[in-house]
Amino acid sequence: MARIIEPGPCNITGERIKQARVKAGLSQEALSAKLELLAVYVCRGSVSRIETGERTVSDIEIDAISSVLNIPLDELFGRK
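To start, this report covers the structure provided alongside it. (Residues numbered from 1 in each chain as written. Predicted model: local features only at pLDDT ≥ 70, side-chain atom pairs only at ≥ 80, totals over all residues. Heavy atoms only, no water.)

### What to know about the pattern of salt bridges
Inference 1: For the structure shown, the criterion picks out 3 salt bridges.
Inference 2: The salt bridge partner of R21 is E51, with a shortest N-O separation of 2.5 Å. Of the two residues, R21 is situated in helix α1 (residues 14–23) and E51 in helix α3 (residues 44–51); the sequence distance between them amounts to 30 residues.
Inference 3: What makes R21 buried here is its relative accessible area of 8%.
Inference 4: Linking R55 and E61 is a salt bridge whose minimum nitrogen-to-oxygen distance equals 2.9 Å. (Salt bridge = Lys/Arg side-chain N within 4 Å of Asp/Glu carboxyl O. Helix = DSSP H or I, 4+ residues; strand = E, 2+ residues; numbered from the N terminus. Buried < 20%, exposed > 50% of the residue type's maximum accessible area, 1.4 Å probe, protein only.)

In structure tokens:
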């Protein structure tokens, strides 16, 4: 089945994920590798697309990203 792609951002967390990743001193590749250790497979290119808002993020992925980056989900969603 074809995916319907709406114009505009596909997620609201991308920029905050990027900020947290950079603050943690991780490259996109390193974040991808750490996610893989949690059995969450997000390639470096997908990390890039998540950060730019071009790709959606599943609940499992956002939970693992939160864990790897040691940042609360509320903060990733802008609910400080």
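### A closer look at the side chain of S46
Inference 1: If you trace the backbone, S46 turns up in helix α3.
Inference 2: Polar side-chain contacts of S46 include one of 3.2 Å to the side chain of R49. (Polar contact = N/O pair within 3.5 Å; in protein donor to acceptor, adjacent residues only side chain to side chain.)

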